Amino acid sequence: MTQDEFVIEEAGDKTILVRHSLAGVRFLFVMKDRKFAGVSGNEPKPSDLSLRNQARRFAMQEARIQGWID
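Residues numbered from 1 in each chain as written. Predicted model: local features only at pLDDT ≥ 70, side-chain atom pairs only at ≥ 80, totals over all residues. Heavy atoms only, no water.

**Student:** Is there a simple way to explain the environment of M60 in this structure?
**Tutor:** Assignment of secondary structure puts M60 in helix α1 (residues 49-66). Put simply, M60 and K35 are 25 residues apart on the chain and 9.2 Å apart in space, counted from C-alpha to C-alpha. Not counting residues within four places of it along the chain, the set of residues in contact with M60 comprises F36 and I69. (Helix = DSSP H or I, 4+ residues; strand = E, 2+ residues; numbered from the N terminus. Contact = heavy atoms within 4.5 Å.)

**Student:** Would you mind going over the pattern of salt bridges with me for this structure?
**Tutor:** Working definition: two side chains of opposite charge can pair if their charged atoms are close together. Overall, the coordinates contain 3 salt bridges when judged by the stated rule. In this structure, the salt-bridge partner of R19 is E9, at a minimum N-O distance of 2.4 Å. Of this pair, R19 sits in strand β2 (residues 15-20) while E9 sits in strand β1 (residues 6-11); the two residues are 10 residues apart in sequence, bridging distant segments of the chain. Look at E9 and you get partly exposed, because its relative accessible area is 30%. The closest approach of N and O atoms between D70 and R34, which form a salt bridge, is 2.9 Å. Of this pair, D70 sits in the segment after α1 while R34 sits in the loop between β3 (26-32) and β4 (35-40), placing them 36 residues apart in sequence. Looking at D70, the relative accessible area reads 56%, which means it is exposed. With a relative accessible area of 40%, R34 lands in the partly exposed category. Within the structure, one salt-bridge network assembled from shared partners comprises E9, R19 and R26. (Salt bridge = Lys/Arg side-chain N within 4 Å of Asp/Glu carboxyl O. Buried < 20%, exposed > 50% of the residue type's maximum accessible area, 1.4 Å probe, protein only.)

Here's what the structure looks like:
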């Protein structure tokens with residue numbers, strides 16, 4: 001996974017919306033009590049599961065950098 005594969009499209013006080021640049025797939029992650037609670041929205045297709053895992057790692061890393069989660 002390269003850093004530029006994912007971008008944060010939106011970030012609020014409780015959610016982070018991450019998009020995979022090439023595939024255009026979006027993942028919405030929920031933050032609760034300064035922790036990463038999981039993913040919201042529809043279950044991804046089986047082919048998107050690895051992208052979801054990569055997006056989750058990216059979103060967690062960015063949320064920590066920004067100080068949104070511990």
